[in-house]
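Single-letter residue listing:
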Amino acid sequence: MGVFKSGAFLQQCFSVHPLTLNLKLVTPPDLVGIVCTQCRMKHRLTIRRVALQKLEEAEVPAEGVQPLQLCSQTHPEDVRISMVDVVNNSVEFRCRPCRRIYILDVEVIETHQS
């Protein structure tokens, strides 16, 4: 069982089977956990900054990961990963019912292989 400090595995999961990436953990102030049910990898993101955007409005800084945590607890099946950019260290989540986009500026991506 290995731990890899690279976004390459998350990028690969998102590219090959994006619908099997599930948000499993949001822990303030800066931790987000994603599980890939296809390849059984666990991706742990340490977040530097979160920006919140409503679909019709401009991007605004969010109060850490708390708004994302609330969405993930209220309607977890509707919070989906919509973009992974390992070059710019960012991951984007969309919440369909709230019509919000969470843009995470990622400091560290760790992948835990089961």
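Now for a description of the structure that goes with this document. (Residues numbered from 1 in each chain as written. Predicted model: local features only at pLDDT ≥ 70, side-chain atom pairs only at ≥ 80, totals over all residues. Heavy atoms only, no water.)

1. Considering the state of the cysteines
- If you walk through the whole model with that rule in mind, you get zero disulfides.
- C39 takes part in no disulfide bond, and the closest cysteine sulfur, belonging to C36, lies 3.3 Å away.
- Residue classification places C39 among the partly exposed positions, given a relative accessible area of 32%.
- The thiol sulfur of C95 is not disulfide-bonded, and the nearest other cysteine sulfur, from C71, lies at 3.6 Å.
- Taking relative accessible area as the criterion, C95 reaches 2% and is therefore assigned buried. (Disulfide = S-S within 2.5 Å. Buried < 20%, exposed > 50% of the residue type's maximum accessible area, 1.4 Å probe, protein only.)

2. Comments concerning the nonpolar core
- Within the largest apolar cluster, 27 residues are counted, with the highest numbers of intra-cluster contacts made by V32, L45, L68, F93, Y102 and L104.
- Residue assignment for this core shows that the elements contributing at least two residues are α1 (8–16), β2 (21–27), β3 (31–36), β4 (41–54), α2 (66–74), β6 (79–85), β7 (90–95) and β8 (100–113).
- Apart from residues no more than four positions distant in its own chain, L45 is found in contact with L10, D30, L31, V32, I34, V91, V106, V108 and I109. (Core = buried A, V, L, I, M, F, W, Y, C linked by side-chain atoms within 4.5 Å. Helix = DSSP H or I, 4+ residues; strand = E, 2+ residues; numbered from the N terminus. Contact = heavy atoms within 4.5 Å.)

3. So, α1
- Those residues of α1 lying buried are L10, C13 and F14. For α1, the buried positions fall inside an angular range of 95 degrees around the axis, keeping them on one side. Residues of α1 that are exposed and angled more than 90 degrees away from the buried face: S15 and V16.
- Buried residues along α1 sit in contact with β2, β3, β4, β6, β7 and β8. (Arc of directions from axis to C-beta.)

4. What about unusual backbone geometry?
- Cis geometry is found at the peptide bond from P28 to P29, where omega equals 10 degrees.
- Despite not being glycine, N89 has its phi angle at roughly 50 degrees, a positive value.
- Tracing the sequence through the fold places N89 in the loop between β6 and β7.
- Notably, R99 is not glycine yet its phi reads approximately 55 degrees, a positive angle.
- Its location among the elements puts R99 in the loop between β7 and β8.

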